Every structure is written in structure tokens, then in C-alpha cells.
Amino acid sequence: MRATRAIIHLDNLRQNIRVVRERIGFPLICLPVKADAYGHGAVPVARAGLEAGADCLAVAAVDEGAELREAGIDAPILLFTLPLPEELPRLIALHLTPFVFDREFIRLLADALESALPGPKGRQPFPVHLKIDTGMGRAGCRPEEAPDLAAFICRQKNLELAGVATHLAASDSTTEDDIGWTKTQLVRFREAVEGIKAGGLHPGIVHAANSGATALHEDAWFDMVRPGIALYGYSPFKDGPAALPVKPIMELSTQIVSIKHIKQGESVSYGRTWTAAEDTTIGILPLGYGDGLPRSLSGKWKVRMEGGLYPLIGRICMDQCMVNLGAGAKIPRWAKACIFGPGMQDAADMAAVTGTIPYEITCNINKRVKRIYEG
Ligand SMILES: *Cc1c(COP(=O)(O)O)cnc(C)c1O
């Protein structure tokens with residue numbers, strides 16, 4: 001097997017689900033496994049998550065739902081983003097539960113159901129969740145439209161209003177302004193849900209909380225929470241009472257495939273950005289931006305080997321990068337090199353260096369890097 005691999009610690013996922021469950025007490029947990037479970041591998045993560053007590057899953061594309069169904073997963077799967085009309089027969093056959101928020105789409109879905117063969121659940125009404133935009137400025141109806149849309153859904157004989165949801169734009173921030181915005185969103189959401197109930201309709205499962213709100217905003221928990229990044233091991237808050245004691249699931253590691261002596265004044269890698277100040281030894285790692293290691297990390301990261309930290313030097317290439325082992329280096333060829341992982345510098349630390357978020361770091365570790373499941 002290739003040296004470069006992503007070890008996925010499923011025991012940490014199970015532990016993170018317990019941490020979230022303890023924090024919230026009663027509501028249901030939806031485990032978002034969109035984007036191949038944030039790069040961790042959708043099917044193994046979904047299986048482990050459901051075993052550990054997650055109640056449902058969520059994806060962002062019909063194909064992602066198909067992958068889970070083909071693996072034999074029959075838990076409810078929410079579809080967060082709207083598909084094209086031509087994807088509806090497949091969505092129906094796969095029994096994915098879409099977020100809906102406009103009449104045209106609701107009608108298209110009802111029509112597609114009319115002409116679909118009875119699925120595994122027969123002719124029972126097909127569940128949908130009404131998505132309300134309370135201030136994210138993305139998908140969702142306006143809060144004041146929600147009661148009418150809910151009634152419109154309920155008038156379709158083949159549809160069931162199984163849930164009502166919103167998404168929070170700034171719940172992972174503790175600035176006064178952002179906390180205020182979350183409160184505003186929650187007021188609008190609660191009013192919309194009350195409006196639906198006032199019309200004599202049952203809203204089904206009411207849900208709003210992403211990771212930030214699961215950690216910080218108890219009034220956003222309602223019937224179900226949808227924490228993604230927290231379950232993958234990155235707490236939106238590092239300290240204080242809102243910090244969740246979760247552990248990263250992904251460990252990115254490789255091995256030194258070659259060791260080489262460099263003389264003072266010699267340069268390493270493209271553009272000759274790094275020159276040896278003294279005679280030294282470097283290790284070559286078979287990992288680069290073609291695996292998803294950000295090139296902007298060049299010269300700004302240290303890898304962990306045999307308990308010590310050693311700096312990456314020179315430009316990160318597509319398939320290789322170089323680590324400075326120092327003049328009297330004791331690190332042997334084939335030694336394991338951890339790029340990030342639990343119990344050490346993690347993807348959130350890496351994100352801080354390159355100016356992004358841990359989501360993007362783990363999502364970008366691509367398919368050339370084999371996932372190895374442990375725990
Ligand atoms: C991705 C997503 C989540 C999870 O967000 P995190 O920030 O990872 O907790 C929840 N809800 C919706 C609608 C999403 O798209």
C-alpha cells in the first residue's frame with residue numbers, strides 16, 4: 001500500500017456522538033455525510049454513526065444518497081440542496097427526504113410521485129422538510145411564506161410535511177453582533193413554526209442547529225440537531241463552556257521514502273525558495289497538493305516524526321514534499337510522518353495557517369489518498 005494514507009478513527013466518531021448527545025440531552029442527531037462525509041468516507045462514517053446512535057443522515061446530492069442506499073443503509077437521508085427536475089425519479093426511488101421551499105418544486109415532486117412506481121414504502125405520503133431562510137441568505141422560503149407553503153405541501157395527497165428547518169449563518173461566533181443575529185434568526189424561525197401550527201398543521205421534526213448552535217445556542221436545539229464539523233472532531237469553540245470535548249477523526253500520514261544529504265547553499269524544490277543555511281539531511285515525503293495538501297502551506301508546517309516536529313521546506317509539489325531532518329538527524333528512512341491528526345496538530349490548526357476552515361482541509365484530501373478505517 002502507498003505510504004500516504006488517511007487513517008479514519010471511527011472510535012473518535014462514536015465518542016463525538018456521545019459528547020454531542022450528552023450536551024443536548026434529548027433531541028435527535030442528524031449526521032451530515034455530504035461531500036463524502038467531509039472527506040472521511042460516507043459509507044463507513046454513516047454506518048459507524050448510525051450504530052453509535054445518530055438518527056438520520058444528510059447529503060447534498062442525489063448521487064451521494066444513492067451511494068448510501070447501494071451500501072444497504074436504510075436510515076432516513078435528508079437532501080440539503082435542491083436537485084434538478086430530471087433527478088426526481090431517482091430521488092423518489094432512493095427515498096431521499098428533500099428540503100423544499102417553493103411551489104414549483106413541490107408541484108414537480110408531487111407530479112413525479114404520481115407517475116412513479118410504488119417504492120419500498122408503497123403509496124404512503126412521501127416525506128419532505130420545509131426549509132425556511134431566516135437570515136442565512138441561501139436556500140429557503142421567507143419566514144412569512146412558511147405557513148402557506150406548509151399548507152400547500154399538506155394539500156398534496158402524496159406529500160407529508162415531515163419536518164421544518166432553518167440554517168444559521170453565524171452560530172459559530174461569539175461576537176455580540178453574531179450572537180444577536182442567531183437570536184434574530186431563531187425568533188423568525190419560531191414565529192414561522194408557530195404560524196404553521198396556528199394553521200392547524202403539524203410541522204413534524206423542527207430543526208435548526210449546526211455545530212455552532214449545538215455547542216452554544218440551546219434555544220436552537222428544538223427536536224433535532226445537525227452538527228457536522230463537531231462530529232468530525234473540530235469544536236467550533238476552543239475554550240469556555242461552549243467548547244465540545246470532541247476529537248478529530250482523520251489522521252493524515254505518510255512515510256519518508258528517501259533521505260538525502262544537502263550541502264550548505266544548495267536549494268530544495270521549485271523556485272529555489274529554500275536554501276540550506278548549513279549542511280543538513282532532508283527526507284522526501286510522497287505527498288503533495290495532488291493529494292490535497294495545500295500548496296500555500298509551503299514553508300509553514302511541521303510534520304511529526306518519532307515524537308518530534310520537523311519543518312516542511314521549499315515548495316510543496318504535486319506529489320512530493322520535503323522535510324528538514326537537521327544535520328545530525330536520527331530519523332531513519334521509511335519512518336512514519338504525521339501531517340495532522342488527533343492528539344497533535346490537527347486540520348483546524350492547519351486551516352488557521354492557510355487561512356481557511358477545517359472543513360476545506362479534510363474535504364480536499366482527495367481520492368488518491370486511501371482511507372484506512374480503525375476503531
Ligand atoms: C453542512 C450543513 C450542516 C452542518 O454544518 P456544520 O457547520 O458542519 O455543523 C447543517 N445543516 C445544513 C443545512 C448544512 O448544509
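One can find the structure itself at the top, above this paragraph.
Residues numbered from 1 in each chain as written. Predicted model: local features only at pLDDT ≥ 70, side-chain atom pairs only at ≥ 80, totals over all residues. Heavy atoms only, no water.

Visitor: Sorry, what's going on with the pattern of salt bridges here?
Guide: A side chain with one charge may pair with a side chain of the opposite charge, provided their charged atoms come close. One pass over the full model with this rule turns up nine salt bridges. Between Asp55 and Arg21 there is a salt bridge whose closest N-O contact spans 3.4 Å. Taken as a pair, Asp55 in the loop between helix H3 (42-51) and strand E3 (56-59) and Arg21 in helix H1 (residues 10-24) lie far apart in primary sequence, 34 residues in all. Among the residues examined, Arg21 registers a relative accessible area of 28% and is labelled partly exposed. The residue Lys197 makes a salt bridge to Glu194 at a minimum N-O spacing of 3.9 Å. (Salt bridge = Lys/Arg side-chain N within 4 Å of Asp/Glu carboxyl O. Helix = DSSP H or I, 4+ residues; strand = E, 2+ residues; numbered from the N terminus. Buried < 20%, exposed > 50% of the residue type's maximum accessible area, 1.4 Å probe, protein only.)

Visitor: What should I look at first to understand helix H8 (residues 176-198) in this one?
Guide: Helical geometry: 3.6 residues make up each α-helical turn, so side chains three or four residues apart lie on a common side. Under the 1.5 Å per step criterion, the end-to-end length of H8 is 33 Å for 23 residues, consistent within 8% with the ideal 33 Å. Looking at the buried side of H8, the elements it contacts are strand E6 (126-132), helix H7 (146-155), strand E7 (159-166) and strand E8 (205-209). Looking one or two residues past H8, Gly200 carries a phi angle of roughly 85°, positive in sign. (Expected span 1.5 Å × (residues − 1). Contact = heavy atoms within 4.5 Å.)

Visitor: Would you explain the site of the ligand in this entry?
Guide: Within the structure, the ligand sits among 13 residues, and Lys34, Tyr38, Ser211, Gly228 and Tyr359 are positioned closest to it. Tyr38 is positioned such that a nitrogen or oxygen atom in its side chain is 2.6 Å from an oxygen atom of the ligand. Tyr359 places a side-chain nitrogen or oxygen 2.6 Å from an oxygen atom of the ligand. Judged by the proximity of its atoms to the pocket grid, the ligand belongs to the largest pocket. By residue class, the composition of the shell around the ligand is six nonpolar, four polar and three charged. (Near = heavy atom within 4 Å. Polar contact = N/O pair within 3.5 Å; in protein donor to acceptor, adjacent residues only side chain to side chain. 1 Å grid on protein atoms, 1.4 Å probe; cavity = no way out; pocket = protein on both sides within 12 Å on 5 of 7 lines; lining within 4 Å. Sits in = over half its atoms within 2 Å of the grid points. Nonpolar A, V, L, I, M, F, W, Y, C, P; charged D, E, K, R; others polar.)

Visitor: What is the right way to read the layout of surface pockets from this model?
Guide: Empty space among the atoms becomes visible once a probe the size of a water molecule is rolled across them. Of the volumes computed, that of the largest pocket is approximately 460 Å³. If you list the elements that add at least two residues to the lining of the largest pocket, you get helix H2 (34-38) and helix H9 (211-216). Split into classes, the residues belonging to the lining of the largest pocket amount to 13 nonpolar, seven polar and five charged. Taken as a whole, the second largest pocket encloses approximately 340 Å³ of empty space. Ala75, Pro76, Ile77, His95 and Thr97 are, among the 21 residues lining the second largest pocket, the residues nearest its centre. Every element with two or more residues in the lining of the second largest pocket is listed here: strand E4 (77-79) and E6. Tallied by class, the residues present in the lining of the second largest pocket amount to 14 nonpolar, three polar and four charged. (Points joined across faces, edges and corners; volume = space filled by probe spheres on them.)

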